[in-house]
Amino acid sequence: DAGITQSPRYKITETGRQVTLMCHQTWSHSYMFWYRQDLGHGLRLIYYSAAADITDKGEVPDGYVVSRSKTENFPLTLESATRSQTSVYFCASRKGLLAGGQNTGELFFGEGSRLTVL
Amino acid sequence: RKEVEQDPGPFNVPEGATVAFNCTYSNSASQSFFWYRQDCRKEPKLLMSVYSSGNEDGRFTAQLNRASQYISLLIRDSKLSDSATYLCVVKRAYNNNDMRFGAGTRLTVKP
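Residues numbered from 1 in each chain as written. Chains lettered and ligands numbered in written order. Predicted model: local features only at pLDDT ≥ 70, side-chain atom pairs only at ≥ 80, totals over all residues. Heavy atoms only, no water.

Draft legend 1. Local environment of the sheet that holds strand S1 (residues 4-6) of chain B. Residues and elements named next belong to chain B. What the 5 strands build is an open sheet, ordered S1-S3-S8-S7-S6; its pairing is antiparallel. Since the sheet does not close on itself, it has two edges, and those belong to S1 and strand S6 (55-57), each with one partner. Between one strand axis and the next, the sheet turns by 20 degrees as a mean value, whatever way the strands run. In this sheet, strand S3 (residues 19-25) lies alongside S1 in antiparallel orientation, the contact comprising 3 bridges. The partner of Val4 across the bridge, within S3, is Tyr25. (Pairing = 2+ DSSP bridges. Helix = DSSP H or I, 4+ residues; strand = E, 2+ residues; numbered from the N terminus. Axes fitted to C-alpha atoms, helices over the stretch in contact; angles between N-to-C directions.)

Draft legend 2. Representation of the side chain of Gln37 of chain A. Mapped onto the secondary structure, Gln37 of chain A falls in strand S4 (residues 31-37). Here Gln37 of chain A is in contact with Leu43, Ser87, Val88 and Phe90 of chain A together with Gln38 of chain B, once residues within four sequence places are set aside. (Contact = heavy atoms within 4.5 Å.)

Draft legend 3. Broad picture of the interface of chain A and chain B. Taken together, the 25 residues of chain A in the interface contact 20 residues of chain B. With both sides pooled, the region where chain A packs onto chain B buries about 1900 Å², and carbon together with sulfur makes up 47% of that total. If you look at where chain A meets chain B, you find 1 salt bridge. Notably, a salt bridge pairs Arg100 of chain B with Glu59 of chain A, separated by 3.3 Å at the nearest N-O pair. Taken together, the connections running from chain A to chain B amount to 5 residue pairs in polar contact (both at pLDDT 80 or more). At the level of elements, S4, strand S5 (44-51) and strand S9 (87-94) of chain A are the ones that each hand at least two residues to the side of chain A that touches chain B. Among the elements that take part in the side of chain A that touches chain B, S4 of chain A stands out by supplying 4 residues, more than any other. Grouping the amino acids of the side of chain A that touches chain B by side-chain chemistry returns 11 nonpolar, 9 polar and 5 charged. (Buried area = accessible area lost by both parts, 1.4 Å probe. Salt bridge = Lys/Arg side-chain N within 4 Å of Asp/Glu carboxyl O. Polar contact = N/O pair within 3.5 Å; in protein donor to acceptor, adjacent residues only side chain to side chain. Nonpolar A, V, L, I, M, F, W, Y, C, P; charged D, E, K, R; others polar.)

What follows is the structure in structure tokens.
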């Protein structure tokens, strides 16, 4: 049971390069998310997706692009990496809503991708 | 001002101690509240939801005070394995996908 996996786990790149972080989940969860985690900040939502071909901006979307052609994959692309994008990136997924439209609040996170932009 | 604020700690306590963390949130329309646990260099995992009437899960008790806009987590009889960072999470109203995380409170339980 692989759950949710991210790759690469570690990446060093240079300013201006394009980087893609991959996220794959085996649960068929409808919702998928990308967060970044920086010292002194909580996890901040970059983008999320409610289903294949449906994506929405989160709190900090600038400089990032996402796509979701298949339910199980949700790649995050930094089109032109900047030093301020050095961070730990977490992909997450969750089940659909419970009856009554409630969200259980349980996100299932991948192990994270540590990105350094030089 | 951050939407979800936590004391970063660290809290250093001996085994068996009782320790409490608070978290304040600024958006009064916030709807749901959670505590997540994050071990060093690992991913966050849901510890427990926080209900209006307060709730308990073993040694962990969570409370919500909507009037003062804070939530708390109490850990009794601390174990070495409780050492982690505890993240306060607040879900905004009107968007099930907009969950705001605090920066976390670090706990170290010592023998």
